[in-house]
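Breakdown of the fold
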Amino acid sequence: MLKNAKLILTALAILIAAVIVWVVVGFVVWAVKILFVLALVLFIASMVRKLSKKSKQHEIEEKDSERELNEAIRQLEEIKRRQLIK
């Protein structure tokens, strides 16, 4: 009977240890999932920032090119006027 009691206590100890390990592993998996989602959100946010910076720079470059084109058009108009006057 004492052997049976020791066997039952050993089985209970193993079962409790398994439950504790299961809980700890579950918590670690949950934490990894949360950290993965957080990393994904931060990555997306950084990509959006980079894209918005590029679009702003692109707009600035477009404005600069528009200025250059407008200046070239003015110069052409001046040349035409001078030719018409001569």
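The present account deals with the structure reproduced in this document. Because the structure is predicted, anything quoted here is derived from the model rather than measured. (Residues numbered from 1 in each chain as written. Predicted model: local features only at pLDDT ≥ 70, side-chain atom pairs only at ≥ 80, totals over all residues. Heavy atoms only, no water.)

1. Focus: the overall build of the protein
Inclusion rule: In DSSP terms, a helix is any run of H or I states spanning at least four residues, a strand is any run of E spanning at least two, and both are numbered starting from the N terminus. Working definition: with a 1.4 Å probe on protein chains only, accessible area under 20% of the residue-type maximum means buried, over 50% means exposed, and in between means partly exposed.
On a plain count of helices and strands, the protein comes out with 1 helix and 0 strands. The buried share among the 86 residues of the protein stands at 0%.

2. Let's talk about the pattern of salt bridges
Definition in use: A carboxyl oxygen of Asp or Glu within 4 Å of a side-chain nitrogen of Lys or Arg is what we treat as a salt bridge.
Tallying each qualifying case throughout the model produces 2 salt bridges. For Glu71, the salt bridge identified is with Arg74, shortest N-O distance 3.4 Å. Residue Glu71 and its partner Arg74 are both found in helix H1 (residues 2–85); the two are separated by 3 residues, about one turn of the helix. What makes Glu71 partly exposed here is its relative accessible area of 36%. The shortest N-O distance in the salt bridge between Glu78 and Arg82 comes to 3.1 Å. Taken together, the residues span about one helical turn, with Glu78 and Arg82 both in helix H1 at a distance of 4 residues. Arg82 sits in the exposed class, given a relative accessible area of 51%.

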